[in-house]
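# Observations on the model geometry
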Amino acid sequence: MTRECAPPTPGSGAPLSGSVLAEAAVVFVVVLSIHAAVWDRYSWCAVALAVQAFYVQYKWDRLLQQGSAVFQFRMSANSGLLPASVVMPLLGLVMKERCQAAGNPYFERFGIVVAATGMAVALFSSVLALGITRPVPTNTCVISGLAGGVIIYIMKHSLSVGEVIEVLEALLIFVYLNMILLYLLPRCFTPGEALLVLGGISFMLNQLIKRSLTVVESQGDPLDFFLLVVVVGMVLMGIFFSTLFVFMDSGTWASSIFFHLMTCVLGLGVVLPWLHRLIRRNPLLWLFQFLFQTETRVYLLAYWCLLATAACLVVLYQNAKRSSSESKKHQAPTIARKYFHFIVVATYIPGIILDRPLLYVAATVCLAVFIFLEYVRYFRIKPLGHTLRSLLSLFLDERDSGPLILTHIYLLLGMSLPIWLVPRPCTQKGSLGGARALVPYAGVLAVGVGDTVASIFGSTMGEIRWPGTKKTFEGTMTSIFAQIISVALILIFDSGVDLNYSYAWILGSISTVSLLEAYTTQIDNLLLPLYLLILLMA
């Protein structure tokens with residue numbers, strides 16, 4: 001039986017719940033595993049960062065319970081600072097190791113910059129929590145100060161002047177995005193989710209600015225530039241319309257027409273010229289030639305269109321059931337929501353096996369479409385705004401407590417990030433052999449298979465609950481078993497995967513991430529694939 005603790009009174013300490021401690025234990029297992037695999041001064045920085053984040057997370061949790069946080073965060077979860085703080089640093093460390101093994105010094109340094117940027121934004125989030133906590137937590141300030149001092153000292157003597165400036169620029173963008181987006185979008189994020197999402201967007205925006213200014217010297221292929229421009233363009237478009245519709249009603253036909261016209265102006269007048277400058281060719285012509293370059297791509301695109309149609313039919317069918325039921329508050333059951341996980345798995349596996357570059361571009365286009373439709377729904381843009389609000393309200397859960405519906409976007413991100421983040425320039429010499437060959441499948445395994453099976457079996461047959469959570473032991477065990485079966489199927493159908501007897505590491509990685517799924521209250525669609533990606537790449 002789960003015990004509920006009374007919220008702490010201001011100035012008093014509250015015991016850490018068992019689920020938070022278990023989540024922290026899993027995160028430390030991951031951090032120490034990466035530290036043992038890398039074992040350099042940067043991995044020591046990651047350990048120091050995790051230690052201070054563990055202490056500061058308690059302060060964030062108290063601020064949320066007392067309602068004393070600067071912004072309105074999602075209240076159905078803890079702060080999640082620890083699991084979010086170490087993602088970017090660990091990702092940068094494993095990218096550095098892989099690119100170092102492949103003999104690519106440019107992307108080796110790039111991995112170090114990723115790690116340093118992640119540590120910088122995590123330390124800022126810690127300083128923010130400590131600065132608004134009353135009374136001032138002296139012991140935590142000392143721990144955080146010592147860890148921050150060690151990290152800053154090591155990074156100061158490891159980064160070049162240009163890299164230090166790059167990290168500081170990303171940190172500055174992160175600060176401004178925090179102030180703007182957390183104000184415009186209350187209750188959409190926990191502090192940890194805001195750190196993870198806005199930290200990633202800040203880094204991408206800084207990289208796009210840097211590569212746009214040094215386009216002659218920049219390294220990368222059109223796929224990377226396409227992703228950067230699309231993501232940054234959609235975020236900036238959202239900020240623009242959010243600011244604009246403060247002064248005008250977005251639900252009128254005049255505002256809707258203006259929205260569509262400005263979308264065309266921004267797309268044709270800003271995004272496409274920006275992309276043209278980076279790839280040095282007509283973006284639309286390049287995209288058309290890329291999508292229809294081979295017969296396999298045509299078949300894949302047709303197959304994906306059929307799956308997209310099936311997903312739309314599921315939405316319409318579930319809404320028809322709600323209309324025919326007596327209760328207008330009918331919500332789609334867990335199994336119905338997991339239909340989309342099955343559809344996404346059926347989408348990604350053929351793409352990973354047959355044509356990963358096409359999947360890379362298709363996922364980017366799909367992300368842009370999802371974000372645009374969410375803008376239409378959020379701003380009530382005619383003619384689809386109210387229809388989307390009615391259709392998607394059926395699939396809301398406790399994580400969609402803010403004005404935005406983000407769970408489907410997180411699902412797409414969780415499946416796509418392992419595709420986008422694989423260091424392609426560092427994979428030419430077989431450096432992704434063994435367990436690393438499963439890196440592109442991290443989203444499929446963690447979310448498409450593991451989270452889906454755990455949710456279905458846990459909700460239908462689970463009886464033994466993990467302490468302090470609603471998740472069940474049966475759900476976790478079936479999740480691990482299903483992912484192992486999926487790995488065996490991948491070995492059968494993907495001839496490019498050679499695990500090279502690294503079965504123990506794969507089993508340990510899958511089990512660790514499954515335990516994290518059982519205890520975390522953060523968005524698992526986003527967090528789990530990143531942790532499995534990090535472990536497999538290590």
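Residues numbered from 1 in each chain as written. Predicted model: local features only at pLDDT ≥ 70, side-chain atom pairs only at ≥ 80, totals over all residues. Heavy atoms only, no water.

Note the cut-off: UniProt positions are given in the numbering used here, feature names are shortened, and annotations may be inferred rather than shown by experiment.
Named according to an unreviewed UniProt entry, the chain is dolichol kinase originating from Capra hircus. Of the chain, the UniProt comment under Sequence similarities (unreviewed entry) reads exactly: "Belongs to the polyprenol kinase family." Reading the Subcellular location (unreviewed entry) entry of the UniProt record for the chain gives the comment "Endoplasmic reticulum membrane".

### Brief notes about the overall build of the chain
Where we set the bar: We count a stretch as a helix when DSSP gives it H or I for four or more residues in a row; a strand needs E for two or more, and each element gets its number in order from the N terminus. Note that the radius of gyration is over C-alpha atoms, with the globule rule given as 2.2 Å times the number of residues to the power 0.38. Any two residues having at least one pair of non-hydrogen atoms within 4.5 Å are treated as being in contact. Each accessible area value is a Shrake-Rupley result obtained with a 1.4 Å probe; residue values ignore everything except the protein chains displayed when judging cover. Only four residue types enter the charge count, namely Lys and Arg as positive and Asp and Glu as negative; His and the chain termini do not. Where a charge lies is defined by one atom per residue type, namely NZ (Lys), CZ (Arg), CG (Asp) and CD (Glu).
Helix and strand counts for the chain stand at 20 helices and 0 strands. Rg of the C-alpha trace for the chain: 23 Å, near the compact-globule value of 24 Å for 538 residues, within the 12% margin. In terms of principal-axis extent, the alpha carbons of the chain reach across some 60 × 55 × 55 Å. Considering only contacts within the chain whose residues lie at least 6 apart along the sequence, 79% involve residues at least 24 apart. Surface exposure of the chain reaches about 23,800 Å², of which carbon and sulfur atoms provide 69%. Treating the 35 positive side-chain charges of the chain as one cloud and the 28 negative ones as another, the clouds have centres 5 Å apart.

### Observations concerning helix α1 (residues 18-38)
The condition that has to hold: Each residue after the first adds 1.5 Å to the expected span of a helix. Per-residue accessibility, obtained with a 1.4 Å probe over protein chains only, is compared with the maximum for each type, and a residue is labelled buried under 20%, exposed over 50%, and partly exposed between these values.
End to end, α1 covers 30 Å across 21 residues, agreeing with the expected 30 Å (1.5 Å per residue, within 8%). Turning to α1, its buried residues number three or more, namely Ser-19, Val-20, Ala-22, Glu-23, Ala-24, Val-26, Val-27, Val-30, Val-31, Ile-34, His-35 and Val-38. Residues of α1 that are buried sit in contact with α2 (41-66), α3 (81-85), α4 (87-101), α19 (503-519) and α20 (524-537). In the stretch just after α1, Trp-39 is the one whose phi turns positive, near 50°.

### A closer look at the packing of aromatic side chains
The test is simple: Between rings of Phe, Tyr and Trp, where Trp is taken as its six-membered ring, a pair exists when centres lie within 6.5 Å; planes separated by under 30 degrees are stacked, by over 60 edge-to-face, and by other angles tilted.
All told, the structure shown has 20 aromatic pairs when counted by the stated rule. Between Phe-107 and Phe-110 the ring centres are 6.0 Å apart and the planes differ by 70°, which places this aromatic pair in the edge-to-face class. One end of the pair, Phe-107, and the other, Phe-110, are both in helix α5 (residues 105-132), 3 residues apart, so they sit about a helical turn from each other. The same class applies to Phe-107 and to Phe-110, which are both buried. Aromatic pair Phe-241 and Phe-259: ring centres 4.5 Å apart, planes at 45°, arrangement tilted. With Phe-241 in helix α9 (residues 222-244) and Phe-259 in helix α10 (residues 253-279), the pair connects residues that are 18 residues apart, well separated along the chain. The two residues Phe-241 and Phe-259 agree in class, both being buried. Members of the aromatic cluster, connected to one another through ring pairs, are Phe-240, Phe-241, Phe-245, Phe-259, Phe-372, Tyr-375, Tyr-378 and Phe-379.

### Here's the deal with helix α15 (residues 385-392)
As a reminder of what qualifies: It is the directions from the helix axis to the C-beta atoms whose arc is reported.
By the burial criterion, the buried members of α15 are Gly-385, Leu-388 and Leu-391. Down the axis of α15, the sector holding all buried residues measures 130°, keeping them to one side. Where the residues of α15 are buried, they touch α12 (295-324) and α14 (356-379).

### What to know about the pattern of salt bridges
Note the cut-off: Any carboxyl oxygen of Asp or Glu within 4 Å of a side-chain nitrogen of Lys or Arg constitutes a salt bridge here.
All told, the structure shown has 10 salt bridges when counted by the stated rule. Measuring nitrogen to oxygen at the nearest pair gives 2.7 Å for the salt bridge that ties Arg-109 to Glu-163. Here the residue Arg-109 occupies a position in helix α5, and Glu-163 occupies one in helix α7 (residues 161-184), the gap between them amounting to 54 residues. Classification of Arg-109 as partly exposed rests on a relative accessible area of 29%. Given a relative accessible area of 11%, Glu-163 falls into the buried group. For Lys-471, the salt bridge goes to Glu-517, with nearest N and O atoms at 3.4 Å. One end of the pair, Lys-471, is in the loop between α17 (442-461) and α18 (473-493); the other, Glu-517, is in helix α19, and 46 residues separate them in sequence. Linked by salt bridges that have partners in common, Asp-40, Lys-96 and Glu-97 make up one network.

### Brief notes about the environment of Tyr-339
You can see Tyr-339 is positioned in helix α13 (residues 334-354). Exposure remark for Tyr-339: the relative accessible area of 37% places this residue in the partly exposed category. Linking Tyr-339 and Val-314, residues 25 residues apart in sequence, is a C-alpha distance of 8.0 Å. Beyond its immediate chain neighbours, meaning those up to four positions away, Tyr-339 contacts Val-314 and Gln-318.

### Brief notes about the packing of α19 against α20
Let me state the cut-off plainly: To get an axis, a line is fitted to the C-alpha atoms, and for a helix only the part in contact is used. The angle between two axes follows their N-to-C directions and goes from 0 to 180 degrees. For this classification, under 35 degrees means roughly parallel, over 145 means roughly antiparallel, 65 to 115 means roughly perpendicular, and everything else is oblique. By convention the crossing between two helices is left-handed if the near helix lies anticlockwise of the far one by an angle smaller than a right angle, and right-handed if it lies clockwise. For this scheme, ten residues count as nonpolar: Ala, Val, Leu, Ile, Met, Phe, Trp, Tyr, Cys and Pro. Four count as charged, namely Asp, Glu, Lys and Arg, and the remainder, Gly too, count as polar.
Where α19 contacts α20, the two axes come as close as 10 Å, and the packing angle between them is 155°. One element, α19, and the other, α20, form an angle in the roughly antiparallel class. Relative to α20, α19 is oriented so that their crossing is right-handed. In this structure, α19 contributes Trp-505, Ile-506, Ser-509, Ile-510, Thr-512, Val-513, Leu-516 and Glu-517 to the contact, and α20 contributes Asp-524, Leu-527, Leu-528, Tyr-531, Leu-532, Leu-535 and Leu-536. The class makeup of the residues in the contact of α19 with α20 is 11 nonpolar, 2 polar and 2 charged.

### A few points about the environment of Ile-352
Within the fold, Ile-352 resides in helix α13. Here Ile-352 falls in the buried class, since its relative accessible area comes to 2%. The residues touching Ile-352, leaving out its near neighbours within four places in the chain, are Leu-359, Ile-419, Pro-440, Tyr-441 and Val-444.

### Things to note about the side chain of Ser-514
Along the chain, the position of Ser-514 falls in helix α19. Relative accessible area serves as the criterion here: at 4%, Ser-514 is assigned to the buried category. Residues in contact with Ser-514, not counting those within four places in the same chain, are Thr-476, Ser-479, Ile-480 and Gln-483.

### What about unusual backbone geometry?
With an omega of 10°, the peptide bond between Lys-382 and Pro-383 qualifies as cis. Relative to the helices and strands, Pro-383 is located in the loop between α14 and α15. In this structure, Arg-187 takes a positive phi of about 65° despite not being glycine. By the element assignment, Arg-187 lies in the loop between α7 and α8 (191-213).

### A closer look at the state of the cysteines
Heads up, the rule is: Disulfide: a pair of cysteine sulfur atoms within 2.5 Å of each other.
A complete count under the given rule lists 0 disulfides for this structure. The closest cysteine sulfur to the non-disulfide-bonded Cys-264 is located on Cys-366, 20 Å from its own sulfur. You can call Cys-264 partly exposed: its relative accessible area is 45%.

### Considering the nonpolar core
Formally: Among buried residues, those of type Ala, Val, Leu, Ile, Met, Phe, Trp, Tyr and Cys that are joined through side-chain atoms within 4.5 Å constitute a nonpolar core.
Residues Leu-90, Phe-189, Leu-438 and Tyr-531 are the most contacted members of the largest nonpolar core, which totals 172 residues. At 14 residues, α9 tops the list of elements feeding residues into this core. What Tyr-531 contacts, discounting residues up to four positions off in sequence, is Val-27, Val-30, Leu-82, Pro-83, Val-86, Val-87, Val-513 and Leu-516.

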